[in-house]
Number of protein chains: 4
Amino acid sequence: MDMAEDQKIRVGILGASGYTGADLIRLLCRHPNVEIVFATADRKAGQTLADVFPHLGRLKVPDLIALEDIEWAGVDVDAVFCALPHATSQRIVKGILHAAGHTVVDELIAEAPEDIAASIRGDVKVIDLSADFRLRDLSVYERWYGKAHDAPALQKIAVYGLPELYRDEIKRAKLVACPGCYPTAAILALAPLLQRKLIMADDIIIDAKSGVSGAGRSIKEQNLFSEVAEGMHAYGVANHRHAPEIEQELVRAAGQAMTVNFTPHLVPMNRGEYETIYVKLSAGVSADDVRAALAERYDAEPFVHVVPKDMVPASRHVRGSNDCMIGVFADRIPGRAIILSTIDNLVKGSSGQAIQNMNLMYGLPEVTGLEQAPLFP
Amino acid sequence: MDMAEDQKIRVGILGASGYTGADLIRLLCRHPNVEIVFATADRKAGQTLADVFPHLGRLKVPDLIALEDIEWAGVDVDAVFCALPHATSQRIVKGILHAAGHTVVDELIAEAPEDIAASIRGDVKVIDLSADFRLRDLSVYERWYGKAHDAPALQKIAVYGLPELYRDEIKRAKLVACPGCYPTAAILALAPLLQRKLIMADDIIIDAKSGVSGAGRSIKEQNLFSEVAEGMHAYGVANHRHAPEIEQELVRAAGQAMTVNFTPHLVPMNRGEYETIYVKLSAGVSADDVRAALAERYDAEPFVHVVPKDMVPASRHVRGSNDCMIGVFADRIPGRAIILSTIDNLVKGSSGQAIQNMNLMYGLPEVTGLEQAPLFP
Amino acid sequence: MDMAEDQKIRVGILGASGYTGADLIRLLCRHPNVEIVFATADRKAGQTLADVFPHLGRLKVPDLIALEDIEWAGVDVDAVFCALPHATSQRIVKGILHAAGHTVVDELIAEAPEDIAASIRGDVKVIDLSADFRLRDLSVYERWYGKAHDAPALQKIAVYGLPELYRDEIKRAKLVACPGCYPTAAILALAPLLQRKLIMADDIIIDAKSGVSGAGRSIKEQNLFSEVAEGMHAYGVANHRHAPEIEQELVRAAGQAMTVNFTPHLVPMNRGEYETIYVKLSAGVSADDVRAALAERYDAEPFVHVVPKDMVPASRHVRGSNDCMIGVFADRIPGRAIILSTIDNLVKGSSGQAIQNMNLMYGLPEVTGLEQAPLFP
Amino acid sequence: MDMAEDQKIRVGILGASGYTGADLIRLLCRHPNVEIVFATADRKAGQTLADVFPHLGRLKVPDLIALEDIEWAGVDVDAVFCALPHATSQRIVKGILHAAGHTVVDELIAEAPEDIAASIRGDVKVIDLSADFRLRDLSVYERWYGKAHDAPALQKIAVYGLPELYRDEIKRAKLVACPGCYPTAAILALAPLLQRKLIMADDIIIDAKSGVSGAGRSIKEQNLFSEVAEGMHAYGVANHRHAPEIEQELVRAAGQAMTVNFTPHLVPMNRGEYETIYVKLSAGVSADDVRAALAERYDAEPFVHVVPKDMVPASRHVRGSNDCMIGVFADRIPGRAIILSTIDNLVKGSSGQAIQNMNLMYGLPEVTGLEQAPLFP
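Given the structure is predicted, the values throughout are model-derived calculations rather than measurements.

A.B. asks: Which residues make up the relation of the copies chain B and chain D, and what values go with them?
C.D. replies: Least-squares fitting of chain B to chain D yields an RMSD of 0.0 Å, with the superposition described by an axial translation of 0.0 Å and a rotation of 180 degrees. Seen this way, the second copy is the image of the first under a two-fold rotation axis. With an isologous cut-off of 70% or more, the 100% of interface residues of chain B that recur at the interface of chain D puts this contact in the isologous class.

A.B. asks: Go over the sheet that holds strand E11 (residues 304-306) of chain A, please, and point to the residues and values.
C.D. replies: Residues and elements named next belong to chain A. Pairing in this open sheet of seven strands is mixed, and the strands run E8-E9-E7-E10-E13-E12-E11 from one edge to the other. A strand with exactly one partner marks an edge of an open sheet, and here the two such strands are strand E8 (233-234) and E11. Where E8 lies against strand E9 (residues 261-266), two bridges are found, and the strand directions are antiparallel. Among the inter-strand pairings, alanine 234 is bridged to a residue of E9, identified as histidine 265. The sheet strands contacting helix H8 (residues 181-195) are strand E7 (205-210), E9, strand E10 (273-280), E11, strand E12 (324-330) and strand E13 (336-343), and the helix crosses E10 at an angle near 30 degrees.

A.B. asks: Please give an account of the relation of the copies chain A and chain D that cites residues and values.
C.D. replies: By a simple turn and slide, chain A fits onto chain D: the slide is 0.0 Å along the axis, the RMSD is 0.0 Å, and the turn is 180 degrees. In this assembly the copies share their binding face: 100% of the residues contributing to the interface of chain A also contribute to that of chain D.

A.B. asks: Help me get a handle on empty space enclosed by the protein, residues and values and all.
C.D. replies: Taken as a whole and judged by the stated rule, the model has five cavities of 30 Å³ or more. Counted as a void, the largest cavity has a volume near 270 Å³. If you trace the largest cavity, you find 21 residues lining it, with A:Pro268, B:Phe225, B:Pro268, C:Pro268 and D:Pro268 closest to the centre. Taken together, the residues of the lining of the largest cavity break down into 16 nonpolar, one polar and four charged.

A.B. asks: Quick one: what's the story with the pattern of salt bridges, residue by residue and with numbers?
C.D. replies: Scanning all chains against the criterion turns up 96 salt bridges over all chains. Taking the shortest distance from any N to any O, the salt bridge between B:Asp202 and B:Lys280 comes out at 2.8 Å. Here B:Lys280 lies in strand E10 (residues 273-280) and B:Asp202 lies in the loop between helix H8 (181-195) and strand E7 (205-210), a separation of 78 residues in the sequence. B:Asp202 gets classed as partly exposed once you look at its relative accessible area, which sits at 36%. In this structure, C:Asp203 engages C:Arg336 in a salt bridge whose closest nitrogen and oxygen atoms are separated by 3.9 Å. Here C:Asp203 is found in the loop between helix H8 (181-195) and strand E7 (205-210), whereas its partner C:Arg336 is found in strand E13 (residues 336-343), with 133 residues between them in sequence.

Reading the values: rules and limits
Residues numbered from 1 in each chain as written. Chains lettered and ligands numbered in written order. Predicted model: local features only at pLDDT ≥ 70, side-chain atom pairs only at ≥ 80, totals over all residues. Heavy atoms only, no water. Least-squares fit on C-alpha atoms with pLDDT ≥ 70 in both. Contact = heavy atoms within 4.5 Å. Pairing = 2+ DSSP bridges. Helix = DSSP H or I, 4+ residues; strand = E, 2+ residues; numbered from the N terminus. Axes fitted to C-alpha atoms, helices over the stretch in contact; angles between N-to-C directions. 1 Å grid on protein atoms, 1.4 Å probe; cavity = no way out; pocket = protein on both sides within 12 Å on 5 of 7 lines; lining within 4 Å. Points joined across faces, edges and corners; volume = space filled by probe spheres on them. Nonpolar A, V, L, I, M, F, W, Y, C, P; charged D, E, K, R; others polar. Salt bridge = Lys/Arg side-chain N within 4 Å of Asp/Glu carboxyl O. Buried < 20%, exposed > 50% of the residue type's maximum accessible area, 1.4 Å probe, protein only.

Shown next, in the form of structure tokens:
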């Protein structure tokens, strides 16, 4: 749906009191085609945005309201961003779309996804930043999140919100599930290579490092400053929920079953994500070939940049921006290569990508509102 | 000189390889009315911007050139930002204005400043980010910088580039001397109060704290990560060059001689400046009166914000933005108050303020290109 | 009570699950004359020390028990360190001393403190690290801590545990109240000067900065890594509880009533405390005189060091050690001086000082177990 | 050579002005059997230790002297620690041993290493912390360090100073080459497993992360605080000099040729090293078997600790101590395991290990002077 230059997309934000919500507001408030109509906070309802995020206190955003206080039937919004805790969105999104006149209900399971989408009247679109709609396989979702999926019919029409892979589908989508931060950097680095069979599908090792904002604003001892600063450690070893998400997309690209190693680490910084990915090259393929393939694949992409040979990308190079930088090196082990992929976990890993999807869904230039240069130092 | 909406100010940047230069480029590249025509680097000439600042590598900026390689007579720029090391600009700026057809030379000392400005043909304007033109009193300059002033006639037409104080003068200026970062936060907090005699002019204590980018990108042992992280300390105690600069402006506001305490400290963070200023209230004046006076004074200002009673501003609230936040508290010592003033040392303390001045000098809305919301976390 | 070289002081630690408790254990485990008999944790009873503090997992410390599970009558300890939350110790300490055979009860209010101490049979000594026994004036305690004192008789025999000031009293004490971290650094810097009337008692401004461990291990949003890193701010402005504690000791030294400014700030580092103290010199006194007086006063002290003229102490110089470093500078404002005082808030500001007191109480060389050199980088 | 309890080892330190030198002094000054006789600094000769490292200013260490000013023939030391820049030690150590009466000279190449050791009169022992004597294969040294080895005969008697592997050889050594920090953590984790053939020798991937002190105190732009804080990146990708060192030891353990992946990263913290090592399990071997084998292997070791199943070691758990903590996890990829190994790069990775070697060389209990508990927070 293309917009006129002066038209505004009316948006609501659910779950604005977390770090993801903060960056959504930061970026949306400066987006020329967006007007924030409402923003909700789970535990901080009634407070102003200035109370919850003093750094955003001067932006024109309505006071935060409680999620329960929204009269969905009467709400006049075009798009809703859900930045709610995991396992919450499915129920909420179902309510949103239903109230907006969508006839999607669980009983429509038999209908093909396209039919469901076609039957949806009204045009509220939902962009979900949680994990609730990322996994297409309901049983995989249940195994990893410990509960049955609350909106299986919606899952069928949900589109995995990685623009570089699913641009066309996102443009047509009613419901977009924004990828996790770790999967974003990993899939961008690996999917084109698996697609073109330049690397082997086995023994892919993703050693991932992230700043602390990736853990969210939840008040846990392990996230206290004194627990984190001046130290680092791995976590979620061999059991992190981003693994099945990464595999879902890599399996698609590779056309075969895959199990990847995904090992995240906590690093003492606010923002930033850095993945060092170890791959086996296909026969006859060199690291230079891999770099060239990625460079070619992303040549026209506004947000993915493959750096020249011998250059190492650093997370500070993309701090606060929607960019992903990728570097490729030959490994000393013959037949292996090392791919470095870095993003800002809150921007390209979450809120920036959500807005990139919104731009696609509303026919705007994809980079609208996302052109901030990285902040350094 | 007002500009049409589509007109571009053609700018050059001298000294683009420091942190101040990086933030100038970051902001100017997204300024709708600016085109960067050239950028020089002292030690890094010949390198691309991507070499010196990989995080800016995707911006459209010409390759860096050496300062000596500029043919000033043939350069077609409207404004030149000087982000050169201290004690360098005076000579350079003299050269720039002379080459552009200005007839200002040292022999014109006898002429009144207004006459000199009027006699300047050509319309290159210079915005200097160094300390070279901040001090009006040449002997004070000499005492604190250990050298005679190299361009005393130019000093007469230089305008101290603090927009909230000198808006009209800046609009008419040919040469603007951007204030130091520490003085910016201190003067904004204190000048209105001295002007209105709400506080005493004696015994003002400015305990200042700054992130490490304030020290610049100079390669010194004391700025190494391992020397700084997990610790803090005072420096330049009772002998920092920003003291005379602060006094110059406060003396003007107060209308009497003054000596302030100014004690800077280094804090383990990249950006951010925080000043805790201890003042004596004039008879019959309360901290609430002080807060109200500052709030009123800055009510119409886009970048200076006085926070409500009992709220403490934090440097993270203004990280990456051109804002200054001020809070006022009553002291337990009767008759005293505590004023908290915080900015981003690279933005409102340097490059952002430089652009704010440029906007004024070219008749643009003052906030143009400076509306980024702070980055948190 | 002097100890033989091979004798061990049997100690118990109450509240071992906070940062103060961690540093107590870290230091006591390497103290040649200490054996840790028990350690309690409030919320973590039943866990091993390795669970609560993995970095201490290899030390020989009994598993943590719940405070309620201690049979005080049957406990065989010589000394008990209380690192409990504020407003808890008074009740607990009363119980400890009572159970150990002490006859101190609230009914003995009429008795002079010396009589109470003499009547105490048994020889359990208590070293309290909380604020519960620091303030001698019960009404001041009540005003600042919002509750009546629970053990006023004990307060009469409590000794303020700053060895450099109260060495003899501490040696004879049954109950020592360890000072707060901020007061330690401030009082060491100022008390000798007030005593000798080298500085004025009015207009003393203490601008204090501390690392985050000073806030303890309490799980609050404001202490999350992402709330703190890359920023700083003041807190407790004009209402911090350490102000009356500082004043209590300075009033004693000065022999006159006093109100000080005490303004703490949070700095993004784990450990470290830095106070910049602004004072007015008495007539005829110079900063050099002040420095000389402090150097002389502390010449024989093992843990307080006055640095040479023009040297600035840094918090990293005392990281992890029990040292306090002090520097003195002349202010640009005539008649004023600037005193810099820095400690490690967990060591000299808390646990190290507690052990220093224990050494005194048991007749050991004061430096026993406290001679670790600072850790840098 | 066993020492009486009150005997002191007289030591000299070459290159005391770097971070490694600082930690050597910090630990040696508190070692009960050591007396520091001299300490040299390359660029800071003539300064006191307090000038170069204020945090060590109160320790009793002679003033720093220049290396060239040492009269080796007349020096009365038992052991010399060399913490000189790489490619310097070989020449210096040759000089030291020669002056002390050792007859080792390059002409003795034909002699077997044992004969050379036997012919060394005098008993100065050298503990080198640089890379100069770590590689046994002179051609490998030349390829990776870009110069021919300056003391090949000495290389023959040099012992790789990893006590857990070469305890007996170290006890008898005249010259010990302390391992690099990264190799220490990697070899401790892998050597026993390769020895027992529990893991495959191919496809070993070592994703290493280190704090900035690992880069030393060299004054380079990339080590400035503002370049490092709030970001991370890989470096030395596929070409770091620690790779051949790691392979040298793993090849010995495995009994077969090997190439490992070794990919270091810079993390914004002062101290700490964390290696995530990806291995392929031998047929029939599980991660639990691997953990059990390491636990058994290191059961009697004072400094290597294998943590229980499901526990993740963190670098903060060993901060400032000589410990290495290792954890083992099963990988999601069948047949693979993940080993986590963490040390303090300056202690077990350098100076602590050097002292551990000294203890062995002089017949002291291995843990002497190395029992500091880690510092947290």
